[in-house]
Amino acid sequence: MTLADHLPILPVAIPALAAPFALLVMRRRWALGINISLVSCLAMLASAITLMARVSDGTILAYELGDWPAPFGIVLVADRLAAMMLVLAATLALIALLHSVVTRADRKGWHFHPLFQFQLMGLNGAFLTGDLFNLFVFFEVLLIASYGLMLHGQGPARLKAGVQYVVVNLVGSSLFLIALGLLYALTGTLNMADMGLRVAALAPEDQGLLRIAALLLVSVFALKAAVAPLHLWLMRTYAVSTPAVAALFAIMTKVGVYSLIRVVPQVFGDGAGAAAWVPAPYLLPAAMVTTVIGFAGVFVARSLSEQAAYAVIGSTGTLLIAVAGWQTATLGAALYYLVHSTIAAAALFLMADAVARRRGGFADSASPGPDFADRSTVGLMFMLAAIAATGLPPLSGFIGKLMILKSMTALPDWGWAWGVILTTTLIGVIGFARVGSTLFWKQAQSGDVPAPAATRADLVAPAIALALLAALSAGAGWASAYANAAAAQVLDPALSVRAVLGEVEQ
Amino acid sequence: MTYEFLMASAIGVLVAGGIFLALRARTFQVVLGLTLLSYAVNLFLFASGRLVLNRPPIWGKAVTEYTDPLPQALALTAIVITFGMTAFVVILALRSFLESGSDHVDGDTVTGDAQDGFADDAAHGERP
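Residues numbered from 1 in each chain as written. Chains lettered and ligands numbered in written order. Predicted model: local features only at pLDDT ≥ 70, side-chain atom pairs only at ≥ 80, totals over all residues.

(A) Region of the structure containing the packing of helix 16 (residues 396-408) of chain A against helix 17 (residues 414-440) of chain A. Residues and elements named next belong to chain A. Two elements in contact, helix 16 and helix 17, have axes whose closest approach is 9 Å; the angle formed by their N-to-C orientations is 160 degrees. What the angle tells us is that helix 16 and helix 17 run roughly antiparallel. With respect to the hand of their crossing, helix 16 and helix 17 are arranged in left-handed fashion. Contacts between helix 16 and helix 17 pair Lys401, Ile404, Leu405 and Met408 from the former with Trp414, Ala417, Trp418, Ile421 and Thr425 from the latter. Across the contact of helix 16 with helix 17, the residue classes break down as seven nonpolar, one polar and one charged. (Axes fitted to C-alpha atoms, helices over the stretch in contact; angles between N-to-C directions. Helix = DSSP H or I, 4+ residues; strand = E, 2+ residues; numbered from the N terminus. Parallel < 35°, antiparallel > 145°, perpendicular 65-115°, else oblique. Left-handed = near helix turned anticlockwise from the far one by under 90°. Contact = placed C-beta atoms within 7 Å. Nonpolar A, V, L, I, M, F, W, Y, C, P; charged D, E, K, R; others polar.)

Pasting the structure below:
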C-alpha cells in the first residue's frame, strides 16, 4: 500500500489533527492557531481536489479502515459524488474561515477554530463513509461541533435558539439509532453496499419492519435537510448564528440531502421489496411545500439574516424537487444546483453581515436607516447574491434551475414542479427586491449616523463566493457533465458494491 | 411472558415516557425526556442482535452458539454520545435559563406556570 492509497482518509485526518493543535496553541499564540486552521482548510481543499481528479474517470476508491475486510470493518468510499461534496465543503470552509478571520468574528470566543475543524471533520466523514453507523457517528461529530459554533458569540437569543436546535437534533439522533437498530436486526450488516444486497434477499414477513426502518431513516435525513414539516428548527438557528458560521451551516442541510441521495439508491433501490424507493411518494410534495414556505419566508422576512435562512429552506426544497425524480438527468441537475445553492446561501449570509456591520444599530433589519459607507458597492453585491439565490442569469442559479426544469419534463408530475419552481422564483425575486430597495434606496432622516466600517475587507469573502458562482456559470458545461456522471454512478449501486465488496458477492 | 416481552415492554414504556416528557414546555422535563428516550434507544440497539442468554460474545471454532458482539459495541458508542449530549444540553439549558430568565423551550416567559399543572417554586417559596 503506497502513500497515495491513503488519500481518502486525508479529508478526515487533516481536521482531526488540526483541531487539537489549534485548541492547544489558541490561548497563547492566537495567530498560530488561525494559521493552523487556514492551512488545514487549504490542505483539505488540495486533498479533495486530488481525490476528485482520481475518481473523475469513474473509479470508486474503497478505503478499509484498519485494513479490516469490507463488510466487517468500516469502509470509506470515495466516488464522484463524495469528491464533489468534499471540494464543496473545503471551498465553503475557506470562504467562511476567511470571513471570520477578516471580520474578527472568531475572536468572540476561544474555541472557534478547533470547533470549526471538528465541524469539517464531521462533514468530510459523513461524505466519505460507506457504513451507516459510521455515518451516524460523523453526524454526531458535526452536530456537536455545530452546537458549539452556533453558540459562538453567546447572548440570550443564541442560547434560546440553541436549546431548540440541540433538542431537535437529539431527538433526530434517537430516531437515527432506532432505524439503524432495525436495519441491523433485519440484515445483520451496517455496510451500505452489503445492506443493499441483503435487503433484496429479505423474507416476505420482514418487509413491514424494513419499510418502517427505511421511513424512519429517511425522516431523519429529511430533518437534517429541513424538509417541511421538519424545517421549523432552521430559521431561528441560522438567523441568530454568527454570519461566518451560518455561511458554513449552508452545507449542513445539504448533508441531509446528500445522505438521501447516497442511501436511497444504494440500500432502498429497485430490489428492496416493500422499501423500494421508499421516500418517493412523499418527497416531491414535501419538497414543493418546502420550496413554497422558503420563498414565502424570503418574501416576508424582517431582516437579511432571516431572509437568508428562508432562502436556504427554499433552495433545499427546489433541490429536493429535482432529487425526487430519482433519474440520472434530474439527479445530475440537482447535484449542480446543490453546489450552486450552497455557495449562494453562504454569500447571502456574508452579505447580511456586511450590511449589518455598516448600519450600526439598524443592523440587518429590513427597515430604512441612515446612509452608510460603501452603500452602492454593498448594494450591488447584495443584488448579485440575491440573483444567485433566486436563480436569475448570469449566475449559476439560472443554469441550475433551467437544468432542473428541463430534466423534470420526463416525469409525470412535471407540471406541478414547473409551477412551484417558477412561481417561487418570482416570489423570491420580489422579496429580495423589496428588502434591497428598502435598505439601499430608501433613507430615513435619522439623527444617529452609524460609524462607517473601518475597512472593506469584510467584502472580500462574499466577493470570492460570488466569483465562484460566476465561474460555476462559465464552467457549467464541465460542471454539469461531472454532476451527471456522478448521478449516473450513484444510481447504479452495483458499481459501489463491486468496489467495496469485490467480485465475490456478484 | 418471556424476557423478550420484558425487554419490549421496557423499551415501550421508556419511549412513551420519553416522548411525553420531551413534548413538555420546560427544559428540565425535556432533558429528562431525552434521557429516557436515549435509554430506550440503547436497549433497543442492544436487542437488535437478538436476545441470547449465557453465550459468549465471541465467534470461535469451539463456540457453536454465540451472542452478536456488534450491537454491544454500537450500544457502547451510542451511550458515550448520548451521555455527552445530555451533559451538554443540561449546561446549555441552565445557561439559557440564567441569561434569559425563562426555562421554557419556546422562549416565552410565563410566570406562575398554571398551564402545565406543576407548582412554581417561586409561588410557594415564601410559605412559612
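From this point on, the discussion continues.
(B) Just the interface of chain B and chain A, in detail. Contact with chain B, which involves 26 residues of that partner, is made by 20 residues of chain A. A total of 14 residues in the side of chain B that touches chain A trace back to one element, the largest contributor, which is helix 3 (residues 70-100) of chain B. Looking at the side of chain B that touches chain A, its residues break down into 17 nonpolar, seven polar and two charged.

(C) Local environment of the pairing of strand 2 (residues 75-78) of chain A. Residues and elements named next belong to chain A. Of the two faces of strand 2, the one lined by Val75 and Val77 and the one lined by Leu76 and Ala78 are each fully buried. Pairing geometry for strand 1 (residues 61-64) and strand 2, over four bridges, is antiparallel. Following the sheet pairing, glutamate 64 is matched in strand 2 by valine 75. (Buried ≥ 20, exposed ≤ 12 C-beta atoms within 10 Å, placed from the backbone. Pairing = 2+ DSSP bridges.)

(D) Structural detail: the environment of serine 174 of chain A. Here serine 174 of chain A shows up in helix 6 (residues 156-187). The exposure class assigned to serine 174 of chain A is buried, which follows from the 24 C-beta atoms found within 10 Å. Here the alpha-carbon distance between serine 174 of chain A and alanine 22 of chain A, two residues 152 residues apart in the chain, equals 31 Å. In this structure, serine 174 of chain A is in contact with Leu37, Ser38 and Val41 of chain B, ignoring residues within four places of it in sequence.

(E) Spotlight on the environment of glycine 391 of chain A. Residues and elements named next belong to chain A. Residue position: glycine 391 is located in the loop between helix 15 (375-390) and helix 16. On a C-alpha basis, the gap between glycine 391 and leucine 426 in space is 9.8 Å, while along the polypeptide they are 35 residues apart. Residue contacts for glycine 391: discarding those within four places in its chain leaves Gly397, Phe398, Gly400, Lys401 and Thr425.

(F) Structural context of the packing of helix 2 (residues 30-55) of chain A against helix 3 (residues 80-102) of chain A. Residue and element names in this part refer to chain A. At a minimum axis distance of 8 Å, the contact between helix 2 and helix 3 shows a crossing angle of 160 degrees. Judged by the inter-axis angle, helix 2 sits roughly antiparallel to helix 3. Crossing geometry of helix 2 relative to helix 3 is assigned as left-handed. In this structure, helix 2 uses Ile34, Ser37, Leu38, Cys41, Met44, Leu45, Ala48, Ile49, Leu51, Met52 and Val55 to contact helix 3, whose residues at the interface are Arg80, Ala83, Met84, Leu86, Val87, Ala90, Thr91, Ala93, Leu94, Leu97 and Val101. Partitioning the contact of helix 2 with helix 3 into residue classes produces 19 nonpolar, two polar and one charged.

(G) Local environment of the nonpolar core. All names here are of chain A. Core analysis: the biggest nonpolar cluster contains 226 residues, and Ala89, Leu92, Ala346, Ala347, Leu348 and Ala385 have the highest contact counts within it. Of all the elements, helix 14 (residues 328-358) adds the most residues to this core, at 21 residues. Ignoring anything within four residues of it in the chain, the contact list for leucine 348 reads Ala308, Ala311, Ala385 and Ala389. (Core = buried A, V, L, I, M, F, W, Y, C linked by C-beta atoms within 7 Å.)

(H) Inspection of unusual backbone geometry at higher detail. Here the bond from alanine 228 of chain A into proline 229 of chain A is cis, since omega is 0 degrees, no more than 30 degrees from zero. Among the secondary structure elements, proline 229 of chain A is positioned in the loop between helix 8 (207-225) and helix 9 (234-240). Along the chain, proline 393 of chain A connects to proline 394 of chain A via a cis peptide bond; the corresponding omega equals 10 degrees. Structurally, proline 394 of chain A can be placed in the loop between helix 15 and helix 16. Unlike most non-glycine residues, aspartate 374 of chain A shows phi in positive territory, near 55 degrees. Given 17 C-beta atoms within a 10 Å radius, aspartate 374 of chain A is considered partly exposed. Despite not being glycine, asparagine 54 of chain B has its phi angle at roughly 55 degrees, a positive value. Considering the arrangement of structural elements, one finds asparagine 54 of chain B in the loop between helix 2 (27-47) and helix 3. Here asparagine 54 of chain B falls in the exposed class, since 6 other C-beta atoms lie within 10 Å of it.

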